[in-house]
Structures are given as structure tokens and as C-alpha cells.
Amino acid sequence: MKIDVYLPLLLSLLLAALSPLVGRRVAPALAARVLTVSAVFTAAATVWSLVLLAITLVGQVPPVAADAREDGHRLPDPVPEAIAVAAILALAGVALRVYRAVRTERVTRRTLRALCAGQPPDTELVVAASPVPRAFAIPGGGGAPDRILVTSAMLSALEPAERRVLLAHERAHLTHRHALLSTAVALATAADPLLAPVRSTVTFLVERWADERAADAVGDRGTTARALARAALSAGRRAPVCALTFTDRAVTRRIAALQAGPPPHLWPLAATTLALGALPALGAADATGDLLRLLGHAPV
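Residues numbered from 1 in each chain as written. Predicted model: local features only at pLDDT ≥ 70, side-chain atom pairs only at ≥ 80, totals over all residues. Heavy atoms only, no water.

Caption draft 1: Up close: the packing of aromatic side chains. Inspection of every chain in the model, using the stated rule, returns zero aromatic pairs. Geometry around F204 places R253 over its ring, the cationic atom sitting 3.9 Å from the centre. (Phe/Tyr/Trp six-rings, centres within 6.5 Å; stacked < 30°, edge-to-face > 60°. Lys NZ or Arg CZ within 6 Å of the ring centre and 35° of its normal.)

Here it is in C-alpha cells:
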């Protein structure tokens, strides 16, 4: 247990270091899915490892220790007590960060849906009168349909062909449920802050994924790149981090990718990343077995 229980933390660092390479080398759709799944597994294993470390304090509880002495057993000490206490504090931090992430997601969705309130159920595109160029893909839920919210300033900034790119980009976010990936990796990062680089990469990849789908829909990568550049220049300031927007960060990299052509899938690198995401779960499972044997006073 002394090694296995720390394995998820070490592999979190490795996944974080590998994620930019996967984001650059693997097709966006595949890379976004692989990194999100790996992050979720790694975060879950990390939290469970913290739980295991916290459980080792059970042996220090007076009634448990007294019962063990009466039975003639010597309770094992899998990890130092200070580490177990630190794990409990870390779990409290995890709970707080996850709560805040969930609350932020709910507030953002509620605010965006409120802007579309009163529209007919079959209305996909909602145009809001605003001097700020913005475009949002708003996933449906609770009976509400998927919506695309675009400000009048954004529409005015784009040529007709570029508006088609904009709408195709936002539809791609909705069709491929990018909000689920973004939410999953956000919660994984809240649980395991070491995965912050993975979240940044996935955020970039879902935008790249939508760019590629938009380029396919309009049949012109050059027009797609120009629409992206014009929208970014019109926006003038960074978009909210919790919304799927057309004017997003790392625009120059996205434009360069569109000009370079579709990236390869590189399945071996994707498979390696998935395997890396599975390893923390295996380590946590092995550590669980070790702890159960130790607490049960069974010979190892």
C-alpha cells in the first residue's frame, strides 16, 4: 500500500505532462474524449487514494486500539498519522472545490437559459441585442431545447459566409455534447488540481473539434479560419471560461490548425493515454486490498 496508494498522484502529474502532446498530435475529437476519460478515472482514483489514507486513522481510534490489544493483535501502521490527517484535509478541499464547480456550472446554465426565455420551443437561434460580440452554445435540459445564442454585434461583424461558419461551429458543440466533456473534466480538475493542464487542453480541443466540423459543413477551411479570426478580433476581450463560445482563447493556434489541414488520429498515442488513465484505478484497487488485509490483521 505504501507505494500503490500514491500512484494516482504520480500518474496525475504524468497525464498532465502528456496532455499537451496529445492535444497537438491527435485529432481533436479523439483527443478530447481520451483525455476526458483518462482525467475522470485518474481523479476518481486520486480521491479514493485519499480516502484510503484517511481510513488508516481508524487504527488510532481508542476503542479500536483497545479491542485489538484484547484480541492479542498489534494494529499495523500503514502510513504516518500526519499523512492520514493531511489526506482528511485534502478530502475537505476536494469537496469544497467540487461543490463550487457544480454551483458555477448551474449558475452559468441558468443565466444563459434565462436569456433565451420566452422563445418558441422550435427556435434554435436566438439573437440578443448587445454591443458585445458573443456566441454561445446552450445545451438543453429539463424540457428546454438546445439553443444557439448570438449577439447582434457578432452577426454584424461577420460576412454571410462567416455567419454560416459561426452557426456550424455552435451546432457542433451541441451535436457532440461538448458541454458534457467540459463539465466532466472541470469536475475531475476540481477533485484533482494536478490535472489542470488536462482541462486546458480539453477546453482547447473541443473548440478545435467544433472548428473542424464547421469547416466540413461549409466546405471551406479558409473561410472558417477567416470567420474565427474576425470573430476573435471583434470580441476584443476574453470570453467567460465556463461557456462554450465561438470567440475563445488560443485563437491563433486554432487558425493555424485550420490552415494546416485535418490532423491524424494517431491511435497508438490515444491508446497509451487511455492506458495511463486506467493505471491509477489499478493502483488504487491494489492499495484497497492491502489496507483491508492490514486492518483485518491478516498475514500479507
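After presenting the structure, the write-up continues.
Caption draft 2: Local environment of the pattern of salt bridges. Counted by the stated rule, this structure contains nine salt bridges. In this structure, R208 engages E212 in a salt bridge whose closest nitrogen and oxygen atoms are separated by 3.0 Å. On the criterion of helical spacing, the pair formed by R208 and E212 is a turn pair, its members being four residues apart in helix 8 (residues 196-218). When salt bridges with common partners are traced through the structure, they connect E207, D211 and R254 into a single cluster. (Salt bridge = Lys/Arg side-chain N within 4 Å of Asp/Glu carboxyl O. Helix = DSSP H or I, 4+ residues; strand = E, 2+ residues; numbered from the N terminus.)

Caption draft 3: The arrangement of the sheet that holds strand 3 (residues 147-151) in detail. An order of 1-3-2 is seen for the three strands of this open sheet, with the pairing classed as mixed. Both edges of this open sheet fall to strand 1 (125-128) and strand 2 (135-138), since each of them pairs with a single strand only. If you compare each strand with its neighbour and ignore which way they point, the axes differ by 20° on average. Across four bridges, the pairing between strand 2 and strand 3 is antiparallel. Across the sheet, F136 pairs through a bridge with L149, a residue of strand 3. Sitting on the sheet, helix 6 (residues 160-175) touches strand 1, strand 2 and strand 3, and the angle it makes with strand 2 is about 30°. (Pairing = 2+ DSSP bridges. Axes fitted to C-alpha atoms, helices over the stretch in contact; angles between N-to-C directions. Contact = heavy atoms within 4.5 Å.)

Caption draft 4: Looking closely at the environment of L187. For L187, the position within the fold is in helix 7 (residues 178-191). Classification of L187 as partly exposed rests on a relative accessible area of 29%. When the C-alpha positions of L187 and R199 are compared, they lie 9.5 Å apart, and in sequence the two are twelve residues distant. In this structure L187 touches V98, A101 and V102, once residues within four positions along its chain are discounted. (Buried < 20%, exposed > 50% of the residue type's maximum accessible area, 1.4 Å probe, protein only.)

Caption draft 5: Seen up close, the packing of helix 7 against helix 8. As a packed pair, helix 7 and helix 8 sit with axes 9 Å apart at the nearest point and diverge in direction by 170°. When the axis of helix 7 is compared with that of helix 8, the two are roughly antiparallel. Between helix 7 and helix 8, the residues in contact are H178, L181, S182, V185, A186 and T189 and A196, V198, R199, V202, V206, W209 and A210, respectively. For the contact of helix 7 with helix 8, the per-class residue count stands at nine nonpolar, three polar and one charged. (Parallel < 35°, antiparallel > 145°, perpendicular 65-115°, else oblique. Nonpolar A, V, L, I, M, F, W, Y, C, P; charged D, E, K, R; others polar.)

Caption draft 6: Inspection of the layout of surface pockets at higher detail. Estimates place the volume of the second largest pocket at around 160 Å³. Lining the second largest pocket, in full, are G23, R24, V26, P28, F204, L205, R208, R253, A257, G261 and P263. Listing elements by their share of the lining of the second largest pocket, those giving two or more residues are helix 1 (7-25), helix 8 and helix 10 (251-260). Of the residues forming the lining of the second largest pocket, the biggest block, three residues, is contributed by helix 8. (1 Å grid on protein atoms, 1.4 Å probe; cavity = no way out; pocket = protein on both sides within 12 Å on 5 of 7 lines; lining within 4 Å. Points joined across faces, edges and corners; volume = space filled by probe spheres on them.)

Caption draft 7: Layout of a nonpolar patch on the surface. On the surface, a nonpolar cluster with roughly 270 Å² of combined accessible area is contributed by L10, L13 and L194. Position of L10 relative to the elements: it lies in helix 1. Owing to a relative accessible area of 54%, L10 belongs among the exposed residues under this scheme. (Patch = residues over 30% accessible without salt bridge, like charges linked within 9 Å, V, L, I, M, F, W, Y side chains within 5 Å. Areas by Shrake-Rupley, 256 points an atom, 1.4 Å probe, with all protein chains shown as cover.)

Purely spatial values, then, with no claim about function.
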